[in-house]
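Overview (structure and organization)
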Amino acid sequence: MTETRRLQLHLGKCIEDLDKLHNVPDLKSKRAHLLCKTAQKLFEKAEQERDRGDEENSYVYYMKYLRVVAFLSKDKEYMKDKTYYNNMLGTKNPNKAIDAAEMLKNSLIDRYAKEQKAKRLHDIKENELVKQIIDENRKKAIEAIPVHEQPQPVGLPGPDEVTIKSEQLYSILKSGKLKVMILDARPGKDYLESHINYPACISIPEECISPGQSANVLEQNLPSASRAVWSERAAMELIVMLDWSSTAVIPGKTLHLLKTILLKWDIKVQYARQPLALLGGYEDWLLKYPAFTTNHLAVPPSQNSMLDDMLGEIEYPSWSDVVPPSPPAQQAPAPQRAAKPGEPVVDRTSKMAAVQLYEERARNMQLILEEQQRIADTSLTLEMQRIEAEQDWEKVREQREAAQREDLRAMYQLRQQEISSLLMQLENKQFDMEQENQRLREQLEEYQRREREEAERLAESIARAAEQSASDADAQAAMARQEASCAALRELSARRAHIAEVRAARQHLDRRRELLETERKRKLTEARTRRKPQDDDGDTFMEPPEDTVEVPGINRSQSSPNIPKQVSDEEEEETPAPAFDRSTKPHKMAPSSEMQQRDFQPVWGNVGRGLTGLKNLGNTCYMNSIIQCLNNTAILVTYFCNGQYLEHVNRSHSTRGAIAEELAAVVRALWSGQYRFIATKDLRNEVGKHQRAFRGGEQQDSHEFLTILMDWLHLDLQFAIKPPQKNVCVQEGLPAAERAWHEYTRCKESLVLRLFYGQIRSTVRCVRCAERSATYDSFSNLSLELPAAAARCTLQDCLNLYLKDETIPGWNCPKCKEKRDAVKKLDISRLPPVLVIHFKRFYVDPKEYMSNTYRKKQTYIDFPLEELDMSQFSLHCPGNPMYNLYAVSNHYGSMEGGHYTAYCKSSVYGKWYKYDDHVVTEIPASEVKSSAAYILFYTSCARS
């Protein structure tokens, strides 16, 4: 058949769509003679459609014909007179139909693939068109600023740089080809003393800049001489900020606050490029270009500007209050007495020793206050980012409602999901900051208590020193200790003052964000009254908890801690597939689902291998999080990508190997490196066939999904192992744990079992006679309780609690022959190569037990990223007890609204990445630990 005679495809998008159409109903009710006539008509129709060029209809009719023939071959009347019925069918027609169906199937698979490729190219062009429309709309929404294209002078920093060198700035100012504004953020008195000799260099006094300030408020506080130039900032092509000596724009510092005011809170101005900081500050400029300043003799300000009245609650005695008058000259000095046991000994050697002593004691307090200052600055930055994200969310919502085209609405909805996820993660980071700050505050209070006690002892020591000897050396040493301690406390007090100032700014932003949130909810309520409920295509965490109950059909988005286990659906009885005698034809392998054309709905783009995201199909973030964690399990990825799993697919299980095959297809797509993100519709549909809880659009628990998925994969990929000779004798010599493990894994081995499954020993001991009974169970993950009422804990605390002895009453002691109190003890008797640890964050609120209300524990758990030593928590297990973390499944939010993400360490690039549905970004290792950690994935160091 030539290419020109083939009709256009019209019945389906893949060969699987056609396979759904060739079922022939009511075969059981027809007699053999009538079945033969039906088969003849189907064969003739298939031939006609083939001649007409309709490959799809022809394939369907051939398959219907073969299905009727297969059913007829088992009919009792046919078995009695095969020759007669074969002549009715035509002796050559069945084989001819098989050949034709196979040829048509191959042709259709190729045509469907070409059509999908053409559709992808069309989608790419459509996406480019959508992007172009969005860019045009954005340009229309923002007031155009005329930019005069001029040749850039030599030395202008690149668009991604945040600092500019003194040499570059000097070259730009000398050329005079750019409009430059210099914002001097030093204290006002320093600017008056000396500044860059340039007309557009103005003073933005450091004392006028505060967190959360808008550009309008800042302008009102500027010196009158600066306001005229400041008002021209929109026309400037380059803005340079400087302080005395900064080499970077550090969050919380003056330059960062000023830059934030310009870029985030100056809504009337659109800058040509982001402001740059002068590298090395005014000090570097003064050193290199003194002639280009108003006063080249200026020196950096003194650093000893601390206030003497900021000494906290610690009071130190004055030396003049305790030193008695000098004794008469003729009086002999009092003899030096030895210190009594327990009495403080004063170091009288030198002033330097006294200074060193109190500097050492103040160092710990200083480190704590430095950390508190960092947390306060970071928390303020996070709050500003939350306000900005909420404003962006509101803008995108309005754009989505105004959009007419469906593809534009879908794109805006995707952006809403990104912003909503960001808001939850920012809120979680702020919670962690507050918990860490509370811990530091408690440590600081403890140090202050010790310092007060030390101050009292110091006063006694000074008094005793005065009584024993009034020499100048003793007095100088005591005074030196007092001065050193006071100086350290002044510095600490200054840090406290800065922290208090940042906290006040944070509280101001909190109030502002609450007002924005109230206004946003009001607009959402008004909007819902004007429109019908929309599709729930995405996590319901996009709506606030109190709003979701108002919208019919939208369920809460949370990870339920104990979703009821539902019985798998019974397989629908299907008509058996046609079976033919292929003895005269070459042997062919039975078709596998690997030949299917899966609809990943990919968004194309070159990314790193393993760095492809997963589209949210409607509250499927719980599934996406677990898939990405498994996708970064190196051995499992290799197993799926090299096709080795195909040798182990088990068709006898209820899922018939389909779960493993669909997951393998997803893993291969994620590691192709050619998609920005894909959709897992086929995997989700296959999972939903076997578990009702995963069918709909409700959010589910990622831990439950992982546990069920592990069991499915184990059953789908089982392979038989021939037991060794004299197996019984060999097992008799093994320890009890090994015998139990061999019994459990007998004839049901799989790579999943070898990687993820371990063994727990449960020992019950009678408290009366010490009789013991041990049982062994397997596990694919350890589910750990969290310490009660603990804001912070460690992984070691959770493991100790899990393995802690438990008293059980009424145990039937086999030795005492009656019920006794007993002690139950769990021990890990076999560690898996991949150790999965789950934290039980969800619990039933005892106050609302009857209503089955769940709450979430926001406990911060400190867990190691490397070298987790499990030897202290396990028996003498085979293998390496040291583990490294490689993946974390996170849950943000509460029971009323939540969202899942994954943090994974790439085995290819050695870096940590955040997988937030379709968005994949690199993160520093310092961000991996958080109170959102829900499931940890560790791999044995021998396998890292």
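The coordinates are above.
Below is a summary of the structure that appears in this document. None of the values given here were measured: they were computed from a predicted structure. (Residues numbered from 1 in each chain as written. Predicted model: local features only at pLDDT ≥ 70, side-chain atom pairs only at ≥ 80, totals over all residues. Heavy atoms only, no water.)

Looking now at the packing of aromatic side chains. In this structure the tally under the stated criterion is 21 aromatic pairs. Summarising the aromatic geometry, the rings of Y886 and F937 are spaced 6.1 Å apart at their centres and angled 65° between planes, so their arrangement reads as edge-to-face. Here Y886 is found in strand 20 (residues 882–893), whereas its partner F937 is found in strand 24 (residues 933–940), with 51 residues between them in sequence. In this pair, the class of Y886 matches that of F937, namely buried. Seen in terms of ring centroids, Y900 and Y934 are 6.3 Å apart; in terms of plane orientation they differ by 45°. Their pairing is tilted. Highlighted residues: Y900 in strand 21 (residues 898–905) and Y934 in strand 24, separated in sequence by 34 residues. Take Y934: its relative accessible area is 1%, and that puts it in the buried class. Among the aromatic residues, those joined into a cluster by ring pairs are Y170, W285, Y289 and F292. Positioned over the ring face of W244 is R186, at 4.9 Å from the centre of the ring. (Phe/Tyr/Trp six-rings, centres within 6.5 Å; stacked < 30°, edge-to-face > 60°. Helix = DSSP H or I, 4+ residues; strand = E, 2+ residues; numbered from the N terminus. Buried < 20%, exposed > 50% of the residue type's maximum accessible area, 1.4 Å probe, protein only. Lys NZ or Arg CZ within 6 Å of the ring centre and 35° of its normal.)

Attention now moves to the pairing of strand 8 (residues 675–678). Bridge analysis of strand 6 (residues 603–604) against strand 8 gives two bridges, and the strand direction is antiparallel. Note that in strand 8 the partner of V603 across the bridge is F677. (Pairing = 2+ DSSP bridges.)

The next subject is the packing of helix 2 (residues 32–52) against helix 5 (residues 82–89). The geometry of helix 2 relative to helix 5 is characterised by a closest axis approach of 9 Å and an angle of 25° between their N-to-C directions. One way to sum up the angle between helix 2 and helix 5 is to call them roughly parallel. Between helix 2 and helix 5 lies a crossing of right-handed hand. On the side of helix 2, the interface is formed by A32, H33, C36, A39 and Q40, while helix 5 contributes Y84, Y85, M88 and L89. Taken together, the residues of the contact of helix 2 with helix 5 sort by class into seven nonpolar, two polar and no charged. (Axes fitted to C-alpha atoms, helices over the stretch in contact; angles between N-to-C directions. Parallel < 35°, antiparallel > 145°, perpendicular 65-115°, else oblique. Left-handed = near helix turned anticlockwise from the far one by under 90°. Contact = heavy atoms within 4.5 Å. Nonpolar A, V, L, I, M, F, W, Y, C, P; charged D, E, K, R; others polar.)

Attention now goes to the sheet that holds strand 14 (residues 818–830). Strands in a sheet are paired, the pairing made by backbone hydrogen bonds, and the direction either parallel or antiparallel. Strand order across the open sheet formed by four strands is 10-9-14-13, with antiparallel pairing between neighbours. What marks the edges here is a single partner per strand, and that holds for strand 10 (772–779) and strand 13 (806–813). Across the sheet, the mean angle from the axis of one strand to that of its neighbour is 35°, orientation sign disregarded. Sheet topology note: the strand 9 (residues 758–766)/strand 14 ladder contains eight bridges and is antiparallel. Bridge pairing in strand 14 links T763 to K825.

This brings us to the sheet that holds strand 2 (residues 180–184). As summarised here, the arrangement of the five strands in space is 1-5-4-2-3, forming an open sheet in which the pairing is parallel. Among the strands making up the open sheet, the edge pair consists of strand 1 (163–164) and strand 3 (201–203). By the bridge criterion, two bridges tie strand 4 (residues 238–242) to strand 5 (residues 276–278) in an arrangement that is parallel. Across the sheet, residue M241 finds its bridge partner in strand 5, namely A277. The strands touched by helix 7 (residues 166–175) within the sheet are strand 1, strand 2, strand 4 and strand 5, with strand 2 carrying the most contacts at an inclination of about 135°. With respect to the sheet, helix 11 (residues 254–264) is in contact with strand 2, strand 4 and strand 5, its orientation differing from that of strand 4 by roughly 150°.

Turning to helix 18 (residues 621–631), a few remarks are in order. For helix 18, the buried fraction is high: eleven of the eleven residues fall into the buried class. Buried residues of helix 18: C621, Y622, M623, N624, S625, I626, I627, Q628, C629, L630 and N631, and no others.

It is worth spelling out unusual backbone geometry at this point. The residue R656 is not glycine, and still its phi comes out positive at about 55°. Tracing the chain through its elements places R656 in the loop between helix 19 (634–641) and helix 20 (658–670). In this model, D917 sits at a positive phi of 55°, which is unusual for a non-glycine residue. Tracing the sequence through the fold places D917 in the loop between strand 22 (912–916) and strand 23 (919–923).

Here we come to the pattern of salt bridges. Under the definition given, this model contains 23 salt bridges. Notably, a salt bridge pairs D184 with R186, separated by 2.8 Å at the nearest N-O pair. Two residues, D827 and K825, come together in a salt bridge whose shortest N-O distance is 2.8 Å. The partly exposed category is assigned to K825, whose relative accessible area is 24%. Within the structure, one salt-bridge network assembled from shared partners comprises K45, E49, R52 and D54. (Salt bridge = Lys/Arg side-chain N within 4 Å of Asp/Glu carboxyl O.)

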